[in-house]
Amino acid sequence: MYNEIVDKVAEELSILFPPEQGYYIYTEAANQDLLSPCFYTGFLETSEKNTTVAGYYRSSSLSIRYYPGENEQPSREIYRVLDILMNQKWTITLDHGFQLNGTGKNGRIEEGNGSRFLSFFVHFNMFGIREKSMEEAMEGIEIR
């Protein structure tokens, strides 16, 4: 499921920021220098809490980093991208039809290695039910 969420977010980013316009989108950390301008997306943190015997609640924090690259006005470019990301609805549909809505959007501008970049965060939360095997479901049943 997590790979699918990252892939769907990358698809959304490629619509908002098309590769034809010079944007690169990464879902894996690169061992070498990234081509820019680019986005890197991945999960920061996930958690799960049981809600019932078979039910659970999962909370996942996804990070999207934007590196503007060589730009005459990198701060203005970062603000433009932040505005687009904040206005995005972030509703994704997984392959099996389940729909997730992004919540808790926030962003901040950070500095590292002598350049500025945008860190944007969106949360994807869901309730689910674990399917039990027939053997597990029948445990404890006695025939009289």
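Turning next to the sheet that holds strand 5 (residues 99-112). Read from one edge of the open sheet, six strands run 1-2-3-6-5-4, paired in mixed fashion. Whereas interior strands pair on both sides, the edge strands pair on one side only; in this sheet they are strand 1 (24-26) and strand 4 (91-93). Strand after strand, the sheet turns through a mean of 30° between neighbouring axes, direction not considered. In this sheet, strand 5 lies alongside strand 4 in antiparallel orientation, the contact comprising three bridges. Bridge pairing in strand 5 places Thr93 opposite Gln99. Helix-sheet contacts for helix 1 (residues 2-16) involve strand 1, strand 2 (38-50), strand 3 (55-67), strand 4, strand 5 and strand 6 (115-129), and the interaxial angle to strand 2 is about 145°. Across the sheet, helix 2 (residues 74-87) lies against strand 2, strand 3, strand 5 and strand 6, angled at about 15° from strand 6, the strand it touches most.

Proximity of charged atoms lets side chains of opposite charge pair with each other. Under the definition given, this model contains six salt bridges. Residue Glu48 pairs with Arg58 through a salt bridge whose shortest N-O separation is 2.6 Å. Of this pair, Glu48 sits in strand 2 while Arg58 sits in strand 3, and the two are 10 residues apart along the sequence. Taking the shortest distance from any N to any O, the salt bridge between Arg108 and Glu110 comes out at 3.4 Å. On the basis of relative accessible area, Arg108 is assigned to the partly exposed category, the value being 46%. Through salt bridges with shared partners, one network takes in Glu48, Arg58 and Arg130.

Criteria and thresholds
- Residues numbered from 1 in each chain as written.
- Predicted model: local features only at pLDDT ≥ 70, side-chain atom pairs only at ≥ 80, totals over all residues.
- Heavy atoms only, no water.
- Pairing = 2+ DSSP bridges.
- Helix = DSSP H or I, 4+ residues; strand = E, 2+ residues; numbered from the N terminus.
- Axes fitted to C-alpha atoms, helices over the stretch in contact; angles between N-to-C directions.
- Contact = heavy atoms within 4.5 Å.
- Salt bridge = Lys/Arg side-chain N within 4 Å of Asp/Glu carboxyl O.
- Buried < 20%, exposed > 50% of the residue type's maximum accessible area, 1.4 Å probe, protein only.

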